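Analysis of the macromolecular model
Residues per chain are reported as follows:
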Amino acid sequence: MMTTADATLNGISRLLDVARDRLSEHTCLVEDLGMDSIDRLALALGFEDEFDVVITDEAIFGVRTIAEMTQCMADAFQQRRIRRGIPPTVETINEEPTR
């Protein structure tokens, strides 16, 4: 089972072509990884496409660290649960609605 933190770290590593072992929850997106506004938008779009979530511009531009990005993703997963009619609780990344 993939956690939100794993999904976030893997996504950042893949989308920015950065070794996963260079990343930690304390890594700053701008200062440590050199991300600019275009990189942030690309990251948000990549996560939206991969996980069927919505990340607002306000949310992505408010994120400074990977820990904050992980929380942003957790919030997006909760909103996805609500959209799918699943009670908001802890979820796995690829959870599908139960009928």
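Everything below is about the structure shown above.
Residues numbered from 1 in each chain as written. Predicted model: local features only at pLDDT ≥ 70, side-chain atom pairs only at ≥ 80, totals over all residues. Heavy atoms only, no water.

Topic: the overall build of the protein chain
For the protein chain, the count of helices and strands is four helices and zero strands. Sequence-ordered secondary structure for the protein chain, helices as α and strands as β, is α-α-α-α. Looking at the protein chain alone, contacts between residues at least 24 apart form 44% of all its contacts between residues at least 6 apart. Carbon and sulfur atoms form 52% of the exposed surface of the protein chain, whose accessible area is close to 5,900 Å². (Helix = DSSP H or I, 4+ residues; strand = E, 2+ residues; numbered from the N terminus. Contact = heavy atoms within 4.5 Å. Areas by Shrake-Rupley, 256 points an atom, 1.4 Å probe, with all protein chains shown as cover.)

Thoughts on the pattern of salt bridges
On inspection of all chains with the given rule, the structure shows four salt bridges. With a closest N to O distance of 3.1 Å, Asp52 and Arg84 form a salt bridge. Placement of Asp52 in the loop between α2 (37–51) and α3 (57–61) and of Arg84 in the segment after α4 (66–83) is noted, with a sequence separation of 32 residues between them. Take Arg84: its relative accessible area is 24%, and that puts it in the partly exposed class. The network of salt bridges with common partners includes Asp52, Arg83 and Arg84. (Salt bridge = Lys/Arg side-chain N within 4 Å of Asp/Glu carboxyl O. Buried < 20%, exposed > 50% of the residue type's maximum accessible area, 1.4 Å probe, protein only.)

Considering α2
The first and last C-alpha atoms of α2 sit 21 Å apart over 15 residues, in line with the 21 Å expected at 1.5 Å per residue. Among the residues of α2, those classed as buried are Arg40, Leu43, Ala44, Gly46, Phe47, Glu48 and Phe51. Considering only its buried residues, α2 is in contact with α1 (4–16), α3 and α4. Residue Asp36 occupies the N-cap position of α2, its side-chain oxygen lying 3.1 Å from the main-chain nitrogen of Ile38. Taken from the residues just after α2, Asp52 is the one with a positive phi, measuring 55°. (Expected span 1.5 Å × (residues − 1). Polar contact = N/O pair within 3.5 Å; in protein donor to acceptor, adjacent residues only side chain to side chain.)

Focus: the packing of α1 against α2
The geometry of α1 relative to α2 is characterised by a closest axis approach of 10 Å and an angle of 120° between their N-to-C directions. The orientation of α1 relative to α2 falls into the category oblique. The handedness of the crossing between α1 and α2 is right-handed. Contacts between α1 and α2 involve Ala7, Thr8, Gly11, Ile12, Arg14 and Leu15 on the former and, on the latter, Leu43, Gly46, Phe47, Glu50 and Phe51. Of the residues assigned to the contact of α1 with α2, the class counts are six nonpolar, three polar and two charged. (Axes fitted to C-alpha atoms, helices over the stretch in contact; angles between N-to-C directions. Parallel < 35°, antiparallel > 145°, perpendicular 65-115°, else oblique. Left-handed = near helix turned anticlockwise from the far one by under 90°. Nonpolar A, V, L, I, M, F, W, Y, C, P; charged D, E, K, R; others polar.)

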